[in-house]
Amino acid sequence: MKIAIYSGVIPSTTFVEHLIEGIEKKHKIYLFGVINKPKNYDSKNIKVYCTSKVLFKNIIKTKWHVFVLLFTKPQRLFIVLKELKKHTSLYAKWNAFSRLIPVVRFLPDIFHVQWAKDLDNWLFLKEKLDVKLVLSLRGAHINYSPIADKKLADSYKANFPKIDAFHAVSQAISLEAHKYHAEASKIKVIHSLIPKSTFNYYKKFKKSDSSKIRICCVGRFHWKKGYKYLLEACSLLKDKNIHFKLVLIATNPVSESVLFQLHQLNIENEVTIVKGLAQAELFKFMQTFDMLILPSLEEGIANVVLEAMAIGLPVISTNCGGMSEVVKPKETGWLVPVREPVALAEAIIDVSQTSESDVQYITHHAHLLVKEEFNAENSIKEFVALYQSVIN
C-alpha cells in the first residue's frame, strides 16, 4: 500500500511521527506539506514531497510537477485546475495549486487526513481520482470548532458520509462525530501511540521529602488548556497556607493573560515557567514532582497524561473529552470537573495526603493500563488493519 499521512507540516505532531515510524516498516509512506524544521527520515519507504516556504523554490518545484503531469497524466492536472475555482483570490489559488500538484503527481492508494478542518480540500481525491480517504477525529476539530462555526458544521455533515474510514482518538470523540453524520460502522477507536521506550522510564513512586507540594503541568499556553482554573486553584491553596510549587512547562511563549493572572492572584513566587524540554529530559524532570495536572477544558486523550502514567507519576485530570476513559478515580488517578478550581485544589491536597503505598498502587495500575491499551505496537497493527479494510 502507498499511504499518504497528511497533516500539512513536516515533521508533524508526536502522534503522527510515531504513526509514520510504525507504518513504514511494511508500507510506503508519502509525506506532503511544508517543511517545519529539518528532519531526516532514514527509510527507503518514506518519500517526502515538500512545498517550499520560499516562493522562488516553490515556483520551480511546482513547474516541474506540472511539466511531468502534462506529459504523463494530463487529466490529473485538469482536475486540479478545476479545484482552484473554489478559491477567489489569486494568492489562495496559488497556495492551493502548489499544495495539490505534488499529491496528484505521486498519487497514493490511501490519503489519511489528520485534521478534520482540512477535509474539504482533499475530497476531490476520492471523488475524481478514486483515492481512499481516512480521517482522524481529534479533540478541538470535533469538540468545539464546529459548534463555534456553523459553516464548518454544515461542511462536516455534508462530507463525513463520503469518508471511507475514520480514526477516533477516544470513544468520546467517536460519539461526537456521530452528530456530523459519521457512520458508526466506519469509525475505529485507536488510542494514542506510546512508544515502548517510554515505559523504560517507569519508576516506583516515592514521596518527596520537601515540605512543599511539587506540581507540574505540561502543555502549550492556550485557553483550552485551562491554566486560568489551575492558577485559581493555586490561589486557593495559598489562602489555606498550603505550601506548593507549580512548574508550567510549555513550548510556546507565555501568554499575557497568564502573566497578568499570576500578578493579580499574588502567586508569582509559587509558579515557575519552563520552556519545553526534549522528551527524555522531560520525563526525568517530571519524575521530580509529586503529581502532574491536566486542567484542560477540551482534549481527546492527552498524550502528556498517558506519558505521566507510563513513567509512574500520579495524575490529576479534568473530566474532558476522553480523559475519563483512562483516568479512573482512585484506580489510575484523580478526576475532577472542568472549570472547577475548588475541586482542583481539593484533588491536589488529596494526592499530597494519600499514603505512599496507596499512591504506588494507583500509579502502578495506571502504568499497566497504558502499557496494555496504548502501546505503539498494538496501535500500529490496528492502523494497518484499518488501511487494509479500506483497500479491500
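Note that the structure is a prediction, hence the values are computed from the model and not measured.

Quick notes on the rules
- Residues numbered from 1 in each chain as written.
- Predicted model: local features only at pLDDT ≥ 70, side-chain atom pairs only at ≥ 80, totals over all residues.
- Heavy atoms only, no water.
- Helix = DSSP H or I, 4+ residues; strand = E, 2+ residues; numbered from the N terminus.
- Expected span 1.5 Å × (residues − 1).
- Buried < 20%, exposed > 50% of the residue type's maximum accessible area, 1.4 Å probe, protein only.
- Contact = heavy atoms within 4.5 Å.
- Salt bridge = Lys/Arg side-chain N within 4 Å of Asp/Glu carboxyl O.
- Pairing = 2+ DSSP bridges.
- Right-handed = clockwise from strand over helix to strand, strands pointing away.
- Axes fitted to C-alpha atoms, helices over the stretch in contact; angles between N-to-C directions.
- Left-handed = near helix turned anticlockwise from the far one by under 90°.
- Nonpolar A, V, L, I, M, F, W, Y, C, P; charged D, E, K, R; others polar.
- Patch = residues over 30% accessible without salt bridge, like charges linked within 9 Å, V, L, I, M, F, W, Y side chains within 5 Å.
- Areas by Shrake-Rupley, 256 points an atom, 1.4 Å probe, with all protein chains shown as cover.

Undergrad: So what about helix 4 (residues 90-105)? Which residues, and what values?
TA: With 16 residues, helix 4 extends 22 Å from end C-alpha to end C-alpha; this agrees with the ideal 22 Å at 1.5 Å per step. Buried within helix 4 are the following residues: Ala96, Phe97, Ser98, Leu100, Ile101, Pro102, Val103 and Val104. Looking at the buried residues of helix 4, the elements they touch are strand 3 (28-35), strand 4 (46-51), helix 2 (55-72), helix 3 (74-83), strand 5 (110-113) and helix 5 (119-129).

Undergrad: Any details on the pattern of salt bridges? Residues and values, ideally.
TA: Applying the stated criterion across every chain, the model contains 13 salt bridges. When the shortest N-O distance is used, the salt bridge between Lys86 and Glu83 registers 3.1 Å. On the basis of relative accessible area, Lys86 is assigned to the partly exposed category, the value being 42%. A relative accessible area of 12% means that Glu83 is categorised as buried. Where Lys150 meets Asp154, a salt bridge forms, and the shortest distance between an N and an O atom there is 3.0 Å. Of this pair, Lys150 and Asp154 both sit in helix 8 (residues 150-159), 4 residues apart, which is roughly one turn of the helix.

Undergrad: Run through the environment of Ser211, naming residues and quoting values.
TA: Looking at where Ser211 falls in the secondary structure, it is placed in the loop between strand 8 (187-189) and strand 9 (213-218). In the structure, Ser211 is positioned 24 residues away from Ile187 in sequence and 49 Å away in space, judged by C-alpha atoms.

Undergrad: How would you explain the pairing of strand 6 (residues 132-137) if you had to name every residue and give the values?
TA: Burial of strand 6 is extensive: 5 of the 6 residues sit out of reach of the surface. When strand 5 meets strand 6, the two strands line up parallel, connected through 4 bridges. Bridged to Val113 within strand 6 is Leu135. Once you follow strand 5 into helix 5 and on to strand 6, the crossover reads as right-handed. Across 4 bridges, strand 6 lies against strand 7 (residues 165-168) in parallel orientation. When the sheet's bridge partners are listed, Ser136 is paired in strand 7 with His167.

Undergrad: For the packing of helix 12 (residues 279-286) against helix 13 (residues 303-311), give the residues involved together with the corresponding values.
TA: Relative orientation of the contacting elements helix 12 and helix 13 amounts to 65 degrees, with a least axis distance of 10 Å. As for how helix 12 packs across helix 13, the hand of that crossing is right-handed. Judged by residue contacts, Gln279, Phe283 and Met286 of helix 12 engage Val304, Glu307, Ala308 and Ile311 from helix 13. Of the residues belonging to the contact of helix 12 with helix 13, the class tally is 5 nonpolar, 1 polar and 1 charged.

Undergrad: Summarise a nonpolar patch on the surface; cite the residues concerned and give the values.
TA: A grouping of Trp64, Phe67, Leu70 and Phe71 is seen on the molecular surface, where their side chains present a nonpolar patch of about 480 Å² in accessible area. Mapped onto the secondary structure, Phe71 falls in helix 2. Residue classification places Phe71 among the exposed positions, given a relative accessible area of 62%.

Undergrad: Any details on unusual backbone geometry? Residues and values, ideally.
TA: At the junction of Ile10 and Pro11, the peptide bond is cis and its omega measures out at -5 degrees in the coordinates. Turning to its location among the elements, Pro11 is positioned in the loop between strand 2 (8-10) and helix 1 (14-23). One non-glycine residue, Asp130, lies in the positive phi region at around 60 degrees. By the element assignment, Asp130 lies in the loop between helix 5 and strand 6. At His181, a position not held by glycine, the phi torsion is positive, near 70 degrees. Relative to the helices and strands, His181 resides in the loop between helix 9 (171-178) and strand 8.

Undergrad: Describe the sheet that holds strand 13 (residues 315-318), naming the residues involved and giving the relevant values.
TA: With parallel pairing, 6 strands are arranged side by side in an open sheet as 11-10-9-12-13-14. Pairing within the sheet leaves two strands with one partner each, and these edge strands are strand 11 (271-275) and strand 14 (334-336). Within this sheet the neighbouring strands show an average axis-to-axis angle of 25 degrees, counted without direction. Pairing of strand 10 (residues 244-250) with strand 11, which is carried by 5 bridges, proceeds in the parallel orientation. Counterpart to Ala250 in the pairing with strand 11 is Lys275.

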